[in-house]
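Fold and contact review
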Amino acid sequence: MFDSKIMQYAIDLAYHSHKSEVPVGAVIAIDNEIISFSDNRVERDSIEWHHAEFIAIKQAISKLKVKYLNNASVYVTLEPCILCAALLDRTRIKEIYFGSYSTHKSSITKCIHLFDYLANNTVIIGGLYDNKCFPLIKKFFKDLRQ
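First, a word on what this report is: a plain description of the structure on this page. Keep in mind it's a predicted model, so treat the numbers as computed, not measured.

1. Some remarks on the environment of V22
Residue position: V22 is located in the loop between α1 (4-15) and β1 (25-30). Its relative accessible area of 25% is what places V22 among the partly exposed residues. Sequence-wise, V22 and I137 are 115 residues apart; in three dimensions their C-alpha atoms are separated by 6.9 Å. Leaving out residues up to four positions away in the same chain, V22 has contacts with N40, I137, F140 and F141.

Now the structure itself:
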(Lines give C-alpha, C1' and ligand atoms only; values in the text may rest on other atoms or scores of the structure.)
Protein backbone atom coordinates (compact mmCIF):
# COMPACT_ATOMS: atom_id res chain seq x y z
CA MET A 1 0.00 0.00 0.00
CA PHE A 2 1.38 3.41 -1.01
CA ASP A 3 2.84 5.56 1.75
CA SER A 4 3.42 9.23 0.91
CA LYS A 5 6.04 9.61 3.67
CA ILE A 6 8.20 6.91 2.12
CA MET A 7 7.88 8.53 -1.30
CA GLN A 8 8.89 11.85 0.23
CA TYR A 9 11.95 10.14 1.72
CA ALA A 10 12.93 8.93 -1.76
CA ILE A 11 12.49 12.49 -3.06
CA ASP A 12 14.69 13.80 -0.24
CA LEU A 13 17.37 11.25 -1.17
CA ALA A 14 17.28 12.45 -4.77
CA TYR A 15 17.32 16.09 -3.73
CA HIS A 16 20.40 15.59 -1.55
CA SER A 17 22.20 13.22 -3.91
CA HIS A 18 25.75 13.92 -4.99
CA LYS A 19 25.93 16.70 -7.58
CA SER A 20 27.63 14.42 -10.13
CA GLU A 21 24.81 11.86 -10.04
CA VAL A 22 21.46 11.85 -11.81
CA PRO A 23 19.21 12.73 -8.84
CA VAL A 24 17.29 9.52 -8.21
CA GLY A 25 16.33 8.15 -4.82
CA ALA A 26 15.00 4.66 -4.09
CA VAL A 27 13.54 3.19 -0.92
CA ILE A 28 12.61 -0.43 -0.22
CA ALA A 29 9.84 -0.94 2.34
CA ILE A 30 7.93 -3.90 3.73
CA ASP A 31 4.59 -3.18 5.41
CA ASN A 32 5.49 0.54 5.16
CA GLU A 33 8.66 0.01 7.19
CA ILE A 34 11.82 1.21 5.46
CA ILE A 35 14.29 -1.63 4.96
CA SER A 36 16.89 0.07 2.75
CA PHE A 37 17.48 3.15 0.63
CA SER A 38 19.96 4.68 -1.76
CA ASP A 39 20.56 7.33 -4.33
CA ASN A 40 22.39 6.79 -7.62
CA ARG A 41 26.06 5.84 -7.26
CA VAL A 42 27.05 5.38 -10.91
CA GLU A 43 29.62 8.18 -11.02
CA ARG A 44 30.92 7.79 -7.46
CA ASP A 45 31.47 4.04 -7.83
CA SER A 46 32.37 4.16 -11.56
CA ILE A 47 29.97 1.26 -12.13
CA GLU A 48 27.26 1.80 -14.73
CA TRP A 49 24.61 -0.33 -13.04
CA HIS A 50 24.87 1.25 -9.57
CA HIS A 51 21.44 2.80 -9.93
CA ALA A 52 19.54 3.74 -6.78
CA GLU A 53 17.19 0.75 -7.16
CA PHE A 54 20.07 -1.71 -7.56
CA ILE A 55 21.87 -0.50 -4.43
CA ALA A 56 18.66 -0.42 -2.34
CA ILE A 57 17.74 -3.96 -3.42
CA LYS A 58 21.24 -5.25 -2.70
CA GLN A 59 21.12 -3.69 0.78
CA ALA A 60 17.64 -5.10 1.51
CA ILE A 61 18.60 -8.63 0.47
CA SER A 62 21.77 -8.45 2.55
CA LYS A 63 19.99 -7.00 5.59
CA LEU A 64 17.13 -9.51 5.50
CA LYS A 65 19.37 -12.43 4.44
CA VAL A 66 16.89 -13.51 1.77
CA LYS A 67 16.96 -14.17 -1.96
CA TYR A 68 13.57 -12.62 -2.76
CA LEU A 69 11.73 -9.53 -1.59
CA ASN A 70 8.24 -10.98 -2.04
CA ASN A 71 6.36 -8.52 0.16
CA ALA A 72 8.45 -5.45 -0.58
CA SER A 73 7.58 -2.21 -2.28
CA VAL A 74 10.03 0.10 -4.00
CA TYR A 75 9.57 3.84 -4.07
CA VAL A 76 11.73 5.53 -6.68
CA THR A 77 11.73 9.07 -7.98
CA LEU A 78 12.24 8.15 -11.64
CA GLU A 79 10.70 5.38 -13.71
CA PRO A 80 13.06 2.38 -13.61
CA CYS A 81 15.17 1.54 -16.64
CA ILE A 82 14.92 -1.94 -18.14
CA LEU A 83 17.99 -3.11 -16.19
CA CYS A 84 16.38 -2.15 -12.87
CA ALA A 85 12.99 -3.42 -14.00
CA ALA A 86 14.45 -6.86 -14.66
CA LEU A 87 16.12 -6.82 -11.24
CA LEU A 88 12.87 -5.76 -9.58
CA ASP A 89 11.13 -8.64 -11.32
CA ARG A 90 13.83 -11.20 -10.47
CA THR A 91 13.74 -10.25 -6.79
CA ARG A 92 9.93 -10.49 -6.84
CA ILE A 93 9.20 -6.95 -5.69
CA LYS A 94 5.46 -6.68 -5.08
CA GLU A 95 4.90 -3.00 -5.85
CA ILE A 96 6.75 -0.26 -7.73
CA TYR A 97 5.82 3.35 -7.09
CA PHE A 98 7.70 5.91 -9.14
CA GLY A 99 7.69 9.68 -9.34
CA SER A 100 8.38 10.85 -12.88
CA TYR A 101 8.03 9.03 -16.14
CA SER A 102 11.35 8.78 -17.91
CA THR A 103 11.88 10.24 -21.35
CA HIS A 104 14.61 7.68 -22.00
CA LYS A 105 13.74 5.07 -24.60
CA SER A 106 14.81 2.17 -22.37
CA SER A 107 12.43 2.86 -19.49
CA ILE A 108 9.84 0.25 -18.57
CA THR A 109 6.88 1.95 -20.21
CA LYS A 110 8.70 3.21 -23.31
CA CYS A 111 10.57 0.04 -24.20
CA ILE A 112 8.01 -2.73 -24.64
CA HIS A 113 5.88 -2.40 -21.55
CA LEU A 114 8.37 -4.78 -20.02
CA PHE A 115 6.26 -5.82 -17.04
CA ASP A 116 3.62 -7.18 -19.40
CA TYR A 117 6.12 -9.93 -20.22
CA LEU A 118 7.80 -10.64 -16.91
CA ALA A 119 7.03 -13.40 -14.46
CA ASN A 120 5.50 -11.64 -11.49
CA ASN A 121 2.27 -9.71 -11.07
CA THR A 122 4.01 -6.57 -9.93
CA VAL A 123 1.81 -3.55 -9.25
CA ILE A 124 3.27 -0.48 -10.97
CA ILE A 125 2.00 3.02 -10.31
CA GLY A 126 3.81 5.95 -11.89
CA GLY A 127 3.61 9.69 -12.08
CA LEU A 128 3.41 10.08 -8.30
CA TYR A 129 4.70 13.46 -7.15
CA ASP A 130 5.87 14.22 -10.67
CA ASN A 131 5.72 17.91 -9.74
CA LYS A 132 8.52 17.29 -7.22
CA CYS A 133 10.53 14.63 -9.04
CA PHE A 134 10.70 15.93 -12.60
CA PRO A 135 12.14 19.37 -11.71
CA LEU A 136 15.13 17.67 -10.02
CA ILE A 137 15.95 15.73 -13.18
CA LYS A 138 15.33 18.72 -15.43
CA LYS A 139 17.60 20.97 -13.35
CA PHE A 140 20.36 18.36 -13.24
CA PHE A 141 20.52 18.05 -17.03
CA LYS A 142 20.17 21.81 -17.54
CA ASP A 143 23.11 22.41 -15.19
CA LEU A 144 25.09 19.66 -16.90
CA ARG A 145 24.75 21.40 -20.28
CA GLN A 146 25.97 24.77 -18.98
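2. Remarks on α1
The end-to-end C-alpha distance of α1 is 16 Å, a good match for the 16 Å that 12 residues give at a rise of 1.5 Å each. Taken together, the buried positions of α1 are occupied by I6, M7, A10, I11, L13 and A14. Buried residues of α1 fall within an arc of 155° about the axis and therefore sit on the same side. Of the residues in α1, the exposed ones pointing more than 90 degrees away from the buried face are K5 and Y15. Here the buried face of α1 lies against β1, β2 (33-39), β3 (72-78), β4 (95-100) and α5 (130-145). Structurally, the start of α1 carries an N-cap: the backbone nitrogen of K5 is 2.8 Å from a side-chain oxygen of D3.

3. Focus: the layout of surface pockets
Taking a probe equal in size to a water molecule and rolling it over the atoms shows the remaining empty space. Computed from the structure, the second largest pocket encloses a volume of approximately 300 Å³. In terms of lining residues, the second largest pocket is bounded by 14 residues, among which P23, L136, K139, F140 and D143 are the most central. Mapped by element, the contributors of at least two residues to the lining of the second largest pocket are α1 and α5. If one sorts the elements of the lining of the second largest pocket by residue count, α5 sits on top with six residues.

About the thresholds
- Residues numbered from 1 in each chain as written.
- Predicted model: local features only at pLDDT ≥ 70, side-chain atom pairs only at ≥ 80, totals over all residues.
- Heavy atoms only, no water.
- Helix = DSSP H or I, 4+ residues; strand = E, 2+ residues; numbered from the N terminus.
- Buried < 20%, exposed > 50% of the residue type's maximum accessible area, 1.4 Å probe, protein only.
- Contact = heavy atoms within 4.5 Å.
- Expected span 1.5 Å × (residues − 1).
- Arc of directions from axis to C-beta.
- Polar contact = N/O pair within 3.5 Å; in protein donor to acceptor, adjacent residues only side chain to side chain.
- 1 Å grid on protein atoms, 1.4 Å probe; cavity = no way out; pocket = protein on both sides within 12 Å on 5 of 7 lines; lining within 4 Å.
- Points joined across faces, edges and corners; volume = space filled by probe spheres on them.

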